[in-house]
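# Overview (structure and organization)
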2 protein chains.
Amino acid sequence: MSTRARSRSRRGEGGLLRQDILDAAARLLVESGDVEKVTIRAVAADVGVSPPSVYLHFPDKDTLIFDVCQQLFAALDQAIESAAAGLEDPFDRIRARGLAYARFGVEHPEHYRVLFMQKPESAPKGFGPEQLMESAAFAHLLQNAADLIATGLLEPGLEPFPVALELWAVVHGCTSLLISHPNLGLPPVEVLFGQACDHLTRGLLGPDST
Amino acid sequence: MSTRARSRSRRGEGGLLRQDILDAAARLLVESGDVEKVTIRAVAADVGVSPPSVYLHFPDKDTLIFDVCQQLFAALDQAIESAAAGLEDPFDRIRARGLAYARFGVEHPEHYRVLFMQKPESAPKGFGPEQLMESAAFAHLLQNAADLIATGLLEPGLEPFPVALELWAVVHGCTSLLISHPNLGLPPVEVLFGQACDHLTRGLLGPDST
DNA sequence: CCGATAGGTGAACATCGTTCAGCGACTTGG
DNA sequence: CCAAGTCGCTGAACGATGTTCACCTATCGG
């Protein structure tokens, strides 16, 4: 904790504190690995500022925590996309995407919890269902689902949206299971998701599958 | 809140308070629908007893909450088994099982959260990985997986344990997704899980599937 | 230099989980 | 029948939390 006192910002630069708070909270979260350790007082002390100052930039603690985690959301999308880049086959792509997603979740369990496993009420208004569905990550997943359908290999009549949700449910199930029960003797992400993904995609195939 | 004063128990009947506390906590949980509303003080007041009295029967709050939710674990198993009862085909059984599980989770979201979506540290020592794997519910799932394999219809080389985990991951994914994002426009449990289950089980089939 | 205002604080409130010394009614041994 | 013991329970407090509100004060335009 760098409890150094922070010098007051110049006029018009009050917003600088906001980023400092975000950075400190993010640092505390990754270093402690526990959301409950990221307390308003701890963050304020780390920035070198008094607790009430946090409320000049965030309406409440939940919003602060969520904003911290949401910064990882873009990184998640990038990780997924770079994993899928260069793969031609839509089936290879969806597998690589899911694996990257699951790995990301397992490597950032606290963030994943906040983003995807929290009570809906805790999510601030800025991250409702709409924002999730309109996110680049979901758009990419949707596109991949459409590509799968476009191969003509899938069972006829499937729509991209339900297929995307189905795929998401599977990868989310593997990820959250690994996060919540790490000592269960579960196989590593690659195996657990790999098998589930293979079986699910194979089950999506149509009757004329080779 | 029935803040009635509770008369002191007779000698040797101190344990009666334990059940009263459990009942009160359970009632508060279902009535408020929010774990955070189930506070030690609220439970104690509801029973008509002072807060420290709770600690005569529970080491800490997490254990109390968990014990409350664990009471539903047996009910979960019963719900699953009664759903699967009478079904001969192992594929029908696994589908009915999963659906009953998912329905149960969606209908008791707070309990499901505590049991399956919490941080592993929050779970008391009485509900470690071992207890989960040795539970009747998991045994039944494992048996069903074995039955699936015994049909000879599945892809060769599959073992019951990984298959069970895979199935659990899928149904858990659907359940927790519906719990965490109820306003996402997700299809109802029956549809979301139904499709995922059908596709997964079909993907588990071997090459000589009709 | 002056007053307005952006930037930040001190102290407090309500609430939480938890601890600890101790009270008091009831049982029991003599 | 009385004294001692102990079981069941409590009052008061500690430390920590999120949050609010009145207030201060350094800075900047005029």
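Residues numbered from 1 in each chain as written. Chains lettered and ligands numbered in written order. Predicted model: local features only at pLDDT ≥ 70, side-chain atom pairs only at ≥ 80, totals over all residues. Heavy atoms only, no water.

## Quick notes on the interface of chain B and chain A
- On the side of chain A, 45 residues touch chain B, which itself brings 45 residues to the contact.
- Counting each side, the surface lost to burial between chain B and chain A is near 3500 Å², with a carbon and sulfur contribution of 63%.
- When the buried surface of chain B facing chain A is broken down by residue, Lys119, Leu184 and His199 of chain B rank first, second and third, together holding 17% of it.
- The salt bridge partner of Glu155 of chain A is Arg202 of chain B, with a shortest N-O separation of 2.9 Å.
- Looking at the side of chain B that touches chain A, the elements with two or more residues in it are α6 (109-116), α7 (129-133), α9 (160-180) and α10 (189-204) of chain B. (Contact = heavy atoms within 4.5 Å. Buried area = accessible area lost by both parts, 1.4 Å probe. Salt bridge = Lys/Arg side-chain N within 4 Å of Asp/Glu carboxyl O. Helix = DSSP H or I, 4+ residues; strand = E, 2+ residues; numbered from the N terminus.)

## Observations regarding the protein's contact with DNA strand D
- Around DNA strand D, the structure places 25 residues, and the nearest of them are Thr39, Arg41 and Tyr55 of chain A together with Arg11 and Ser53 of chain B.
- In DNA strand D, atoms within 4 Å of the protein come from the sugar-phosphate backbone in 54% of cases.
- A distance of 2.5 Å separates a phosphate oxygen of DNA strand D from a polar side-chain atom of Thr39 of chain A.
- Within the backbone of Ser9 of chain B, an N or O atom sits 3.2 Å from a phosphate oxygen of DNA strand D.
- Among the secondary structure elements, those contributing two or more residues to the surface near DNA strand D are α2 (40-47) of chain A together with α3 (51-54) of chain B. (Near = heavy atom within 4 Å. Polar contact = N/O pair within 3.5 Å; in protein donor to acceptor, adjacent residues only side chain to side chain.)

## Brief notes about the protein's contact with DNA strand C
- Near DNA strand C you find 23 residues, and of these Arg11 and Ser53 of chain A together with Arg8, Thr39 and Arg41 of chain B are the closest.
- Within 4 Å of the protein, the contacting atoms of DNA strand C are drawn from sugar and phosphate to the extent of 49%.
- Glu13 of chain A places a main-chain nitrogen or oxygen 3.4 Å from a phosphate oxygen of DNA strand C.
- Among the elements of the structure, α3 (51-54) of chain A together with α2 (40-47) of chain B are those that each provide at least two residues to the surface near DNA strand C.
- Residues of the surface near DNA strand C, tallied by class, amount to seven nonpolar, six polar and ten charged. (Nonpolar A, V, L, I, M, F, W, Y, C, P; charged D, E, K, R; others polar.)

## Observations regarding the relation of the copies chain B and chain A
- You can overlay chain B on chain A at an RMSD of 0.1 Å; the transform is a turn of 180° with a shift of 0.0 Å along its axis. In the structure described here, the two chain copies are related by an operation that fits a two-fold rotation axis.
- Comparing contact sets, 100% of the residues at the interface of chain B also lie at the interface in chain A, consistent with an isologous, same-surface contact. (Least-squares fit on C-alpha atoms with pLDDT ≥ 70 in both.)

## Structural notes on the packing of helix α4 (residues 61-84) of chain B against α6 of chain B
All names here are of chain B.
- In contact at an axis separation of 9 Å, α4 and α6 are set at 105° when each is read in the N-to-C sense. By the angle class used here, α4 and α6 are roughly perpendicular. Between α4 and α6, the residues in contact are Ile65, Phe66, Cys69, Gln70, Leu72, Phe73 and Leu76 and His111, Val114, Leu115 and Phe116, respectively. (Axes fitted to C-alpha atoms, helices over the stretch in contact; angles between N-to-C directions. Parallel < 35°, antiparallel > 145°, perpendicular 65-115°, else oblique.)

## Observations regarding α6 of chain B
- Most of α6 of chain B sits out of view: seven of its eight residues are buried.
- Considered for burial, the residues of α6 of chain B that qualify are Glu110, His111, Tyr112, Arg113, Val114, Leu115 and Phe116 of chain B.
- The inward-facing, buried residues of α6 of chain B contact α9 (160-180) of chain A together with α1 (16-32), α4, α5 (90-107), α7 and α9 of chain B. (Buried < 20%, exposed > 50% of the residue type's maximum accessible area, 1.4 Å probe, protein only.)

## Quick look at the domain arrangement of chain A
Residue and element names in this part refer to chain A.
- Each domain of chain A was delimited in the assignment, giving domain 1 (1-58) and domain 2 (63-204).
- Relative placement of domain 1 and domain 2: their C-alpha centres are 31 Å apart.
- Each partner contributes residues to the interface: domain 1 has 14 residues there, and domain 2 has nine residues.
- Taken together, both faces of the contact between domain 1 and domain 2 bury some 960 Å²; the carbon and sulfur share is 77%. (Domains from an automatic or database assignment.)

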